[in-house]
Amino acid sequence: MAALIFAPRVRCLAGLLLAFHLHCAAMPAAPLLSDYTHDAWGTLQSAPADVRKFAQGPDGWLWLATPTGLYRYDGFQFERTDTVHGHRLHSTNVLGLAATSDGALWVGYQLGGITVFRKDGARTYMESEGLPAGAVFHIEVARDGTVWVAARDGLAYLAPGARRFQRLAGNAGLPERRIYQILFARDGTQWIGSNGGAFFRRPGDTRYTQAWPRSELMALAEGPDGTIWGADGKNDYYRLRTTAPTAADPQRPILQGTGMHFDRQGNQWLMQNDGLERRQPDGAAHPEQRLTRQQGLSGPMPQTFFQDRENNIWIGTAAGLDRLRRNRIETLQVPHQLENPAIVPGPDQDVWVGSYADDVRSYAAGRAGAVVQRGRLSASHRAADGTLWTGNDRGLTRRAADGTVTTIAPPDGVAGLDPQAIVQDRAGALWVSFSGGGLFKLAQGRWLRDGGLSGFPHVLATSMALDSKGAVWLGHARNQVSLVDVDGTVRRFDERQGLRLGTVLHLGPDGDTMWAGGESGTALYRDGRFATLHGRGGETFRGVSGIVRLPGGALWLHGADGIFHIPTAEIQAWLADPAHAVDYERFDARDGLQGRAPQFRPLPSLLHGPDGQLWASTVSSVARLDPADIRRNPLPPPVAIRGVKVHGRDYPASEGAVLQLPQGTDSLEIAFTALSLSMPDRVRFRYRLEGVDPDWQEPSGRRAAHYTNLAPGSYRFRVSAANEDGVWNRQGASLALHIAPTFVQTPWFKLLLGVLAALLLSAAYVLRIRVIKRSMKARLAERLAERSRIARALHDTLLQSVQGLIMSFHAHVDLLPPGTRERARLDQTLNLADQLLIEGRDQILDLRAAASPEELGLALKEFGKGLAEHRPHRFEARVTGHVRPLQPRVHEEIYAIAREALFNASRYAQAKNIVLELEYGKRAFTLRVGDDGRGLAEAVAQARQRPGHWGLVGMSERAACIGADMHLASQLDQGTRIEVTLAGALAYAVEGGGRGGLLSRWWRRAA
């Protein structure tokens, strides 16, 4: 059992308090670079050197005048420009500079002349417009809009609406030459600095009066109390007087400097050849209030001072320029450098700060830290009953609510080891985790390893906390959390319960839930599981070793990447939907935070102090931030679209005009910026190209939007921005774009493509039909040739054999006597054989030429050829016009008519020539069959019928059936001509089953 050593209770707390008050003093002013974040730029950062003047207009651009050109800065990059609003400078050697509230920029030149630039034009004033000759030292704009110019050769002004400057010289009581500066005091008095001294003119006066001292005064400034300061050629600053000094009150120089300025907060800034100094009210010089090249000043000889619209202070030096931005986080001023500081709420509405390198001190508003406890501090805990526990490698100290202090020895075996975490449970027992020594519980004067319980992880307990039910929570290394319930049960949590934090650095109770911060993120335990917190843009809130939930519901985290503030509404939204990525604001080195949150001890690194402020510790400092009074930037950043780049070529953006882009543009880059100079790296953008982006896009990194695969047409690009405090410029900026189509992108080209496609399809269809027709013709010819071959074979074999047999029988019949019964029977049999032979020949003709719906002409041609093979006549077939398929019914009847006509002409006409004509006309289809035979008798031709024969009658009936006209012309010994004519609308088939299908069905019904 570890021995306990109790020191005598110290009841003389009054002695400690007395010592505390004796050591308390007024808090010293913070060093300059503790109150401000300093940034410096030089030529290595492409910044200008030898900056002579600054100016800032309502559009937010920061303009810089230098001997080598005019520059502008948007917070992101410096840009040298030879033009303003598209109009060129008269000279690149710029000296005077002023921006007016109407957006005009006045530029004065080293060798004389002034140019005023406006969006609608520019004008240069020279001596011929009344401007004094020589260098333009200073340009000042009065409240009434009058532009005043101090130049080498005098003073002049340009009244509103005037076209010429008016010079003021001796008749106004001023020197003729070398006017350096113009100052309008708050009381309306106009002051002039010149080589002849300082001159003033009160409102209503017509002449200037010389002030004292009466020596060359080059620089003027007005203090918060109305004092006018002036510096002579020796860099001595005087308080100017409007009355002569007396022997009893002589006028002497007060300060030395190359320039004096007062910011809007009333601070006095004194420029000197080797640096810049913030002057304190006591008038004494303090080294910690100076900024020199040793502290990072951009160069020697600070020569110009400017405070922009966001209250940043700009200094121009011989080698570059500097910016001082007021910090939002206050660094605690301590007598000795801190080393791994620890913070814990004190007993007297103060905060105790301990360190590995100093004693524990008490800090409160308005007084410096006094020692309240000797020795360093590695762990601490403020219990709910007011007990304050502190510990280091020598042991533990208990300070009761009544001020009684007790020292407690550590358990055996852990002497010399630092306590890592401390917590007091509701029963008053103390749980302590020793680094390298394990977990112990002090109850009723006895140390118990692991509190006498089992089930704890065998790794260091890095953080401990007490929840609202009195259970003790312990965060461990290796992604583990353990919980000791009030009944002594030990539970363990790990990845199976959603814990994914790595080493747990801090546990923070929040009602019935528990926050946990660790190496890999932050999570909340509720309903039996840990839910991981995620932020906008993929923020993981890693390395969090301090968590504070304010009474209003806002969550504050101190982690490896700074201090995070998550508003109440965002936390509520996340609690309702753990997939929600919370919006947040970050405070880090740019806000004055020095260092990062500790990742081991002392912990926690963030607390809500009794003074209402948030106290945060890093490895080397302690910072304070008042969550109820954070320095904010209320100005929405002006937004500008800088231009468009297409295939490496830049196109300027003109406000209100439509930017015409080249034909065929399919990709582009749109550059934009926001004129927020305080924290440009925290400016948030959102943009949208209407017609392409369905919603707002938020870029990361570059201030540009990229688009590809754009179609021709009109677009509008819109962009807005928010400053570091989330103040959005709701109006933003917009740019109308038009991409003209190339010929191949026009509707005409698409129509042409459609026509070409239709023609190609038509051609392909025609070619396909031709191929099909050729194939069908080939197959039909093969079929007909085969039929002809079979017919020839039958004719040359069977019919010839039968013919020979019949002739042989005729010879035998002739041997029989006529009139005998046997001869009569044989004659009758031979007659039947002759009839059989005729029918066989007819069948052979049918076999040689059968009707085919694929090709009428080919079928009839083959039929005619077959007839000619058995008759002494010639046959000729003629086909004219565009051959097209006939209606199926029409095809059948025309074929039958032609076949009958050809058969009759071949068998009965005794013709020498038979001609078949098929005429495929657009309006009508015509069939003609003619011969040069013996012709028909006139009565037969008129009646269209031979007694006992029905061929002509059948042809007429078939023609009438399909609606055709049939004509018969015949004369004896001159031949016969048959002509059948049918209208094209009734004759031809229509593809696709449309009209042709209807006609076909009509003919079927009619038949």
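Residues numbered from 1 in each chain as written. Predicted model: local features only at pLDDT ≥ 70, side-chain atom pairs only at ≥ 80, totals over all residues. Heavy atoms only, no water.

## Description of the pairing of strand β69 (residues 924–931)
Okay, so step 1: Across the eight residues that make up β69, a large majority, seven, are buried.
Okay, so step 2: Inspection of the sheet shows strand β68 (residues 913–920) paired to β69 by seven bridges, in the antiparallel sense. Across the sheet, E919 pairs through a bridge with T926, a residue of β69.
Okay, so step 3: Linking two consecutive strands that pair antiparallel, namely β68 and β69, is a turn of three residues.
Okay, so step 4: Pairing geometry for β69 and strand β71 (residues 975–983), over seven bridges, is antiparallel. Note that in β71 the partner of V929 across the bridge is I978. (Buried < 20%, exposed > 50% of the residue type's maximum accessible area, 1.4 Å probe, protein only. Helix = DSSP H or I, 4+ residues; strand = E, 2+ residues; numbered from the N terminus. Pairing = 2+ DSSP bridges.)

## Things to note about a nonpolar patch on the surface
Okay, so step 1: On the surface, a cluster of nonpolar side chains totalling about 900 Å² of accessible area is made up of F743, V744, W748, L751, L752, L753, V755, L756 and L759.
Okay, so step 2: Here L751 is to be found in helix α4 (residues 747–815). (Patch = residues over 30% accessible without salt bridge, like charges linked within 9 Å, V, L, I, M, F, W, Y side chains within 5 Å. Areas by Shrake-Rupley, 256 points an atom, 1.4 Å probe, with all protein chains shown as cover. Salt bridge = Lys/Arg side-chain N within 4 Å of Asp/Glu carboxyl O.)

## Considering helix α3 (residues 568–576)
Okay, so step 1: What α3 keeps buried is the set E570, I571 and W574. Summarising the axial view, the buried residues of α3 lie within an arc of 100 degrees, below the 170-degree limit, and thus occupy one face. For α3, the exposed residues lying more than 90 degrees away from the buried face are A569 and A576.
Okay, so step 2: In this structure, the buried residues of α3 make contact with β49 (513–518), β50 (521–526), β51 (529–532), β52 (546–549), β53 (555–559) and β54 (562–566). (Arc of directions from axis to C-beta. Contact = heavy atoms within 4.5 Å.)

## Section: the confidence of the model for the protein chain
Okay, so step 1: Averaged over every residue, the pLDDT of the protein chain is 89; the share at 70 or more is 90%.
Okay, so step 2: Low pLDDT, under 50, characterises residues 1–26; the stretch is placed with 44 contacts to residues that sit more than four places away or in other chains.
Okay, so step 3: Taken as a whole, residues 992–1007 scores under 50 in pLDDT and shows 15 contacts with residues more than four places along the chain or in a different chain. (pLDDT = per-residue confidence, 0-100.)

## Focus on the sheet that holds β53
Okay, so step 1: Pairing within the open sheet is antiparallel, and its four strands lie in the order β52-β53-β54-β55. The sheet is open, and its two borders are formed by β52 and β55 (585–587), each paired with just one other strand. The average angle at which neighbouring strand axes cross in this sheet is 15 degrees, direction not considered.
Okay, so step 2: In terms of strand pairing, β54 meets β55 through three bridges, oriented antiparallel. In the strand pairing of β55, F564 is matched with R586.
Okay, so step 3: Contacts from α3 reach β52, β53 and β54 within the one sheet, and its direction differs from that of β54 by about 75 degrees. (Axes fitted to C-alpha atoms, helices over the stretch in contact; angles between N-to-C directions.)

## Looking at unusual backbone geometry
Okay, so step 1: In the segment running from W212 into P213, the intervening peptide bond is cis, with an omega of 5 degrees.
Okay, so step 2: Residue position: P213 is located in the loop between β19 (209–210) and β20 (217–222).
Okay, so step 3: In the Ramachandran plot, H647 falls in the positive-phi region, its phi being about 50 degrees despite a non-glycine side chain.
Okay, so step 4: Following the sequence through the fold, H647 ends up in the loop between β59 (639–646) and β60 (649–652).
Okay, so step 5: Classification of H647 as exposed rests on a relative accessible area of 61%.

## A few points about the side chain of D494
Okay, so step 1: With respect to the secondary-structure elements, D494 resides in the loop between β47 (490–493) and β48 (504–510).
Okay, so step 2: Polar side-chain contacts of D494 include one of 2.9 Å to the side chain of R496.
Okay, so step 3: Leaving out residues up to four positions away in the same chain, D494 has contacts with N479 and L499. (Polar contact = N/O pair within 3.5 Å; in protein donor to acceptor, adjacent residues only side chain to side chain.)

## Observations concerning the packing of helix α6 (residues 856–868) against helix α7 (residues 888–908)
Okay, so step 1: The N-to-C vectors of α6 and α7 enclose an angle of 20 degrees; their axes lie 10 Å apart at closest approach. When the interaxial angle is binned, α6 and α7 end up roughly parallel. α7 is crossed by α6, and the crossing has right-handed handedness. Residue-level inspection shows L856, A859, L860, F863 and L867 of α6 in contact with α7, the latter providing H891, I894, Y895, A898, R899, L902, F903 and S906.
Okay, so step 2: Classifying every residue of the contact of α6 with α7 by side-chain character gives 10 nonpolar, two polar and one charged. (Parallel < 35°, antiparallel > 145°, perpendicular 65-115°, else oblique. Left-handed = near helix turned anticlockwise from the far one by under 90°. Nonpolar A, V, L, I, M, F, W, Y, C, P; charged D, E, K, R; others polar.)

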